[in-house]
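Read off the chains here:
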Amino acid sequence: MSDGFANARTVEQARYHALARTWPALYIALCADIVAVAFVHSALAPWWAWGILPAVLVPKSLIWAYLWHRKRNVIPPSEECTRAVRILGIEITIWMAMIVAWQVWLSHWGTGESLLLLALCMGGQMVFLLFGLLHLRTSSILSATFCVLGMLYIGAHSGSALIGIVVLLVGGVAGLAYVAQGYYRDFTSLVSSRLSIETKTREIEALSEDNFRIANTDMLTEIGNRRRFFRDLEQALDHARQADKPLALAIVDLDGFKAINDSNGHLVGDRLLKAMAQRLQDILSAHAEVYRLGGDEFAFFLRDKSDPKQLISLGDGLIESVKAPIFVDDLRLSLGCSVGFSTFPQAGTTSTELYDRADYALFHAKKTGKQQTVLFSAEHEETVREAALIERSLRAADLEKELFLTFQPIVDSGRNETILLECLARWQSPALGLVSPARFIPVAEQSGLISTLTPILLRKALDAVRNWPDTVGISFNLSGHDITAPDKILGLMSILEKSGVSARRVEFEVTETALMMNLDQGIASLNALKATGARISLDDFGTGYSSLSQIQRLPLDKIKVDASFIRNLIDSEASQKIVRSVSSLSRDLSLDCVVEGVETEDQLNMLTEMGCNLIQGYIYSRPLKAIDVQPFLDQQVRTDVVAVG
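Presented here is an overview of the structure given in this document. Here the structure is a predicted model, which means the values were calculated and not measured.

Picture the strands of a sheet paired through backbone hydrogen bonds; they go either parallel or antiparallel. Across the sheet, five strands lie side by side as β2-β3-β1-β6-β7; this open sheet has mixed pairing. Only two strands of the sheet have a single partner each, and these edge strands are β2 (291-294) and β7 (373-375). The sheet shows a mean angle of 25 degrees between the axes of neighbouring strands, direction not considered. Where strand β1 (residues 247-255) meets strand β6 (residues 336-344), nine bridges bridge the pair, whose relative direction is antiparallel. Directly across from V252, in β6, lies its bridge partner V339.

Right, let's get into the packing of aromatic side chains. Tallied over the full model, the rule gives 14 aromatic pairs. Ring centres 5.7 Å apart and planes at 70 degrees place the aromatic pair W427 and F440 in the edge-to-face group. Taken as a pair, W427 in strand β9 (residues 417-429) and F440 in helix α15 (residues 437-447) lie far apart in primary sequence, 13 residues in all. You can call F440 buried: its relative accessible area is 0%. With a centroid separation of 6.4 Å and 85 degrees between ring planes, the pair formed by F476 and F508 is classed as edge-to-face.

Looking now at helix α10 (residues 266-284). Look at α10: 26 Å from first C-alpha to last across 19 residues, which is about the 27 Å you get at 1.5 Å a residue. For α10, the complete set of buried residues consists of V268, G269, L272, L273, M276, A277, R279, L280 and L284.

What follows covers a nonpolar patch on the surface. On the surface, a nonpolar cluster with roughly 560 Å² of combined accessible area is contributed by W47, W48, I52, V56 and W105. Here the nonpolar patch takes four residues from helix α3 (residues 47-70), the largest share from any one element.

When you line up the elements, S413 lands in the loop between β8 (403-412) and β9. The residues contacting S413, other than those within four sequence positions of it, are L604, T608, C612, N613, I615 and Y620.

Rules behind the numbers
Here the residue numbering is sequential within each chain, running from 1 through the sequence in written order. Local features in this predicted model are restricted to residues whose pLDDT is 70 or higher, and side-chain atom pairs enter the listing and the counts only when it is 80 or higher, whereas totals over whole chains, interfaces and linings include all residues. Here the side-chain values reflect all heavy atoms present in the structure, with hydrogen atoms and water set aside. A pair of strands counts as paired when DSSP detects no fewer than two bridges linking them. We count a stretch as a helix when DSSP gives it H or I for four or more residues in a row; a strand needs E for two or more, and each element gets its number in order from the N terminus. An axis is simply a line fitted to the C-alpha atoms; with a helix, the fit covers only the stretch in contact. Between two such axes, the angle follows the N-to-C directions and lies from 0 to 180 degrees. For Phe, Tyr and Trp, where Trp contributes only its six-membered ring, two rings pair if their centres lie within 6.5 Å, and the inter-plane angle classes them as stacked under 30 degrees, edge-to-face over 60, or tilted in between. Only protein chains enter the calculation, and the probe is 1.4 Å; a residue is then buried if its accessible area is under 20% of its type maximum, exposed if over 50%, and partly exposed in between. One less than the number of residues in a helix, times 1.5 Å, gives the span that helix is expected to have. Like charges within 9 Å and nonpolar side chains (Val, Leu, Ile, Met, Phe, Trp, Tyr) within 5 Å are joined into patches, using only residues over 30% in relative accessible area that form no salt bridge. Only the protein chains shown count as cover for residues, and the accessible areas themselves come from Shrake-Rupley with a 1.4 Å probe. For salt bridges, the criterion is a side-chain nitrogen of Lys or Arg within 4 Å of an Asp or Glu carboxyl oxygen. Here, residues are in contact when the closest pair of their heavy atoms is within 4.5 Å.

Treat this as a map of the structure, not an account of what it does.
Shown next as structure tokens:
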């Protein structure tokens, strides 16, 4: 089909286009018919009989043929097409009535040969009309009828031979008329089908566009989602490579959102996220588009930007703007944020590398104090490479052989008696040597390998505790990956049951940060462990993200005060208040309270005055190897404090 036909949107437009493409030729054919009749009768009839009508119709027909030819690829609106086709039908019907009447009139001067010519011309006109006016059924039928009447008139006034020819022509043309009507029905059916298909296609395209928009839009905040972010980032990176231009990627994480969401409910949290997304868009509208990656994490990228000072300045300005309060109904809510930047090509050349580097910079920002901007640097790159090396080595390691435990006593200072020993993981790698847990534990957690390490370490811990007095237990650390996976918890419970060690001698430690990975599942896992008879301890209290209201939901037996509050205990009134408050809270909740990181007698004396008797730290012992635990227990004297270098 031609381009014009393809552009038709209604049957009327299709009819108009078909006529515009065929009528110029038909006009010329009719002109040739008129000229032939006039030429033959020029020697038989008076000049005014054969000459006036051709002189009027032929020039006008040629002009109209030219005008229709010019419009052959132009598709007017449907209403205009309907009007133009109707006018054409009326005009051509009138014209054919005039032409046939003229030809019948000329037959009065005709001879046998000229009458035969007239009959043939009328027959040819009928064919022209039936197929030329295929899309004007009424006009074609009326015009063809005029031709049939004209031929019958000529046949009635001629010899028998001519009558036979006329009858043959009429019969043949009648058959063609039937075929032409079939073509017209097929044409209208084809056009209707095509238009229906195009309508469905447009509907499908519109639906596809809607689906694409939905699939690439965050439904809560109505900004681009993670899928769209990576698609747009890939396109921006392609452009940056081709143009040899820099590009900066930023990840923004809200600080304090989880506490607000937990305290005020998800409805308030959702409205806060939506308002914050709008604020970020307003702040960055002159620089970039904002995307929501999930949860309270957002991202954007900056084209042609890589200058560290500019990026840090932009990030710090963003942090200051985010601090402004947001009102949700009557609630006045405040959040902070941390920003991690990475740049192309310095930090990476692919979207995955840039994202991972920006995520690491964000992690570093939150780890070192929150509400700050960190640009991924060469120093960070070295850390990432070291982490990758450690991860590869962990995956290739014989963990049963290479992992071992040390044990640090938790002492009741009032009785100078060890009640628990905390199990601390150590890794002796053939390739890397003795690897600090501060190096390999975070890597294991980030890579998910921690869930492979935990069962191995728990079995080793239970093997060790069997050799100690029944009054001494172990404190064993669990990661967020352990407590948020039901199958992992069931596996640990099975190890505990098969060990033969009483669950009352085992205490499982979890951190607030680990619980916040999935609080509900974490609580369910802790309840399952507690049902075995084991005890539950909350480690690093005060350094995580949970609110005090969440503490009441946890099946706790003990709270551990983080060592960071003890370092400046003697000189810091704030640290003293925190420790005193936690100790008081523990007593109110009927929980034990352990203070970590105690190193000096002054610290111990002050803690004793506060009522803190469960102490862990170098003042009693550094972490001990398994073979050194029993000698430590044997030499422990109730009335003396044994300080080990």
